[in-house]
Every structure is written in structure tokens, then in C-alpha cells.
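Results of the structural survey
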Amino acid sequence: MAVICASAVSTQFGAAVGSLAFSGLTPVGVVAVRQVVASTVLLALTRPRFWRFTRSQWSPVLLLALFFAGMNTALYAALERVGLGTAVTIEFLGPLAVAVLASRRLRDGVCAATALIGVVLLTRPGPTSDLLGLGFAVLAAGCWAGYILTNRVVGQRLDGVQGVAMGTAISALGLLPIAAVLVWHLQPPLEAFLFAAVAGVLASVVPYSLDLIVLRHISPVIFGLGMSLHPLFAALIGAVFLGQLLPGLAWVGIVLVVLSNALTLGGPARPRTAPRPAT
């Protein structure tokens, strides 16, 4: 469990560090650098033989790349507007929705309703709410759900993590032209690139490696429970590291979402998912 917590802390701390580069690179630029760092490591480790991929293998890999780019860009855009804790908590509705839809247990329906109540307490929607930021977080949740479903297909058609490595690389290539235009116009300082690169290591390479190691030694149930802690760690790191303080009701909402994810993702009917990609 200590390794799972370390992975969660690394992921959320990496996201917090990446947010420090928003003013220089914008969220899209930060995601592009992160994806380049992650794909470089994954390609070096897996060395996928992409020239042997068939059409039926390429199609889910390309879709996976789209979900990678959309999920990370939407999450960072939400983080910039509504804060780390709120963005990550709403994003976790994605895997929760996949788990609930794959199950017919009454308990999962109750958990889903509890999670929605938690999100309402967290966001307290009203005239002054940042609806665009909340919308980005919901988009990130949808992309994460799409990633889970698509990655299951990729895992059935390709051995190992070749598909994830290629999906990460393709998403990086797709974002690079946009990032290049932003860099040309914004002329970001060197530290912005350093923050983004550190985010790539902490939020992608480290947690991905730890998740692969820990999944060999623990049950998926324990892993699901550990994944549920991400919103809590995101809120804590956002408050301590970024000064994004949340009111009491927001903390109640986060706890409700964490408990809902823990009961659903950690249950015996939890759908098989891959380690959390680059958040």
C-alpha cells in the first residue's frame, strides 16, 4: 500500500509542478512536453515493432492516442481554472462510470449517486462557477473512461505495453505542432520547460513504473482502493503546494467521491483497467 500511495503522491505532485509552467507554456504546451518525456522512456523500454502492426491493431492505438491527448489536455486546462483537487476529483468520475455501467449491483448505483452528491458539494454550481473549467474536468473524465475501454482492446490485440507506448508517442507528435506555435509566440523561459519535464517524470514515468511493479504483488482490489486516494492527495497537494484552499463542504464532497470510488473500484466486480496514464 505504501508503494501505491507513493505512486499517487508522485502523480499529483507532478501535476502540481506542471501547473507552474502554465504561464509560460499553457496547458497544451505542458502536456506536449510531458508526453514527449513519457513516450521517450516507454519507447526505449518496450521497443514496439510498430511496422508489424495490422490495421486492426492500429485503429485502437490511434484512438488511444486521441484519448491520451484529450484526457491530459482537458485535465490541465481544468486544473488551471478550478484547481488540482477539484479537477482530479471530477476526473475520477470516468473510471467510476465504467465500473458502474459494467456492474448490475445495487451497491454500485448507490455509490454513483453518492459520488454525484460529492461533486455537487465540491463544485457548488451557481452563477459564479467556472463552468468552462468544470466542463474541462468532465471532458477529462470522459476521455479517461474512453481510455479504459480502448486500452482493454489494445491489450487483447497487442502484447505487453506496445500499444500504450505507441499511443503516447502519437499523442506527443500530434501535440507538438501546437506546442511549437505556442513557444514561437510566447517565448517561454527555460524553467517552464524544466517544470514540464519534471511533471513528465513524476506524473507519468514514476507512477507508471510503480504501478506495473505493484500489480505483480497485490490484488486488483487493493490497487483499486489505492487509486481511489488520488482525489484526496490532489486536494492536499493543491492546498499545501499551490495554496488552493478548499472550504469544508468541498472536503466533504471529495471524501464522498473517494469512498464511492473505493467501494466500486475495489469491489469484486471491478472492471479490469490499466495503470493510470499520465495524470
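Quantities reported herein were computed from a predicted structural model and do not represent experimental measurements.

What follows deals with the UniProt feature "transmembrane region" (unreviewed entry) in the chain. UniProt marks residues 58–78, 84–102, 109–125, 131–149, 161–186, 192–214, 221–242 and 248–266 with the feature "transmembrane region" (unreviewed entry), using the numbering shown here. Secondary structure across residues 58–78 comprises 100% helix and 0% strand; the distance between its end C-alpha atoms is 30 Å.

Before going further, it helps to spend a moment on the packing of aromatic side chains. Here the structure, examined in full by the defined rule, presents six aromatic pairs. Relative to tryptophan 51, the ring of phenylalanine 50 lies with its centre 5.4 Å away and its plane at 75°, an arrangement referred to as edge-to-face. A residue is classified by how much of its surface remains accessible, and phenylalanine 50, at 40% relative accessible area, is partly exposed. The exposure class of tryptophan 51 is exposed, given its relative accessible area of 59%.

Another aspect to go through is a nonpolar patch on the surface. Together, Val9, Phe13, Leu20 and Phe241 line one region of the surface with nonpolar side chains, adding up to about 300 Å² of accessible area. You can see phenylalanine 13 is positioned in helix H1 (residues 2–19).

Moving on: the packing of helix H4 (residues 84–91) against helix H7 (residues 131–157). Two numbers describe how H4 lies on H7: the axes approach to 7 Å, and their chain directions differ by 40°. Here H7 runs oblique to H4, going by the angle between their axes. For the pair H4 and H7, the sense of crossing is right-handed. Facing H4, whose interface residues are Thr86, Ala87, Ile90 and Glu91, H7 presents Leu134, Ala137, Val138, Ala140, Ala141 and Trp144. Partitioned by chemical class, the residues of the contact of H4 with H7 number eight nonpolar, one polar and one charged.

Rules used in this analysis
Residues numbered from 1 in each chain as written. Predicted model: local features only at pLDDT ≥ 70, side-chain atom pairs only at ≥ 80, totals over all residues. Heavy atoms only, no water. UniProt positions renumbered as here; feature names shortened; annotations may be inferred. Helix = DSSP H or I, 4+ residues; strand = E, 2+ residues; numbered from the N terminus. Phe/Tyr/Trp six-rings, centres within 6.5 Å; stacked < 30°, edge-to-face > 60°. Buried < 20%, exposed > 50% of the residue type's maximum accessible area, 1.4 Å probe, protein only. Patch = residues over 30% accessible without salt bridge, like charges linked within 9 Å, V, L, I, M, F, W, Y side chains within 5 Å. Areas by Shrake-Rupley, 256 points an atom, 1.4 Å probe, with all protein chains shown as cover. Salt bridge = Lys/Arg side-chain N within 4 Å of Asp/Glu carboxyl O. Axes fitted to C-alpha atoms, helices over the stretch in contact; angles between N-to-C directions. Parallel < 35°, antiparallel > 145°, perpendicular 65-115°, else oblique. Left-handed = near helix turned anticlockwise from the far one by under 90°. Contact = heavy atoms within 4.5 Å. Nonpolar A, V, L, I, M, F, W, Y, C, P; charged D, E, K, R; others polar.

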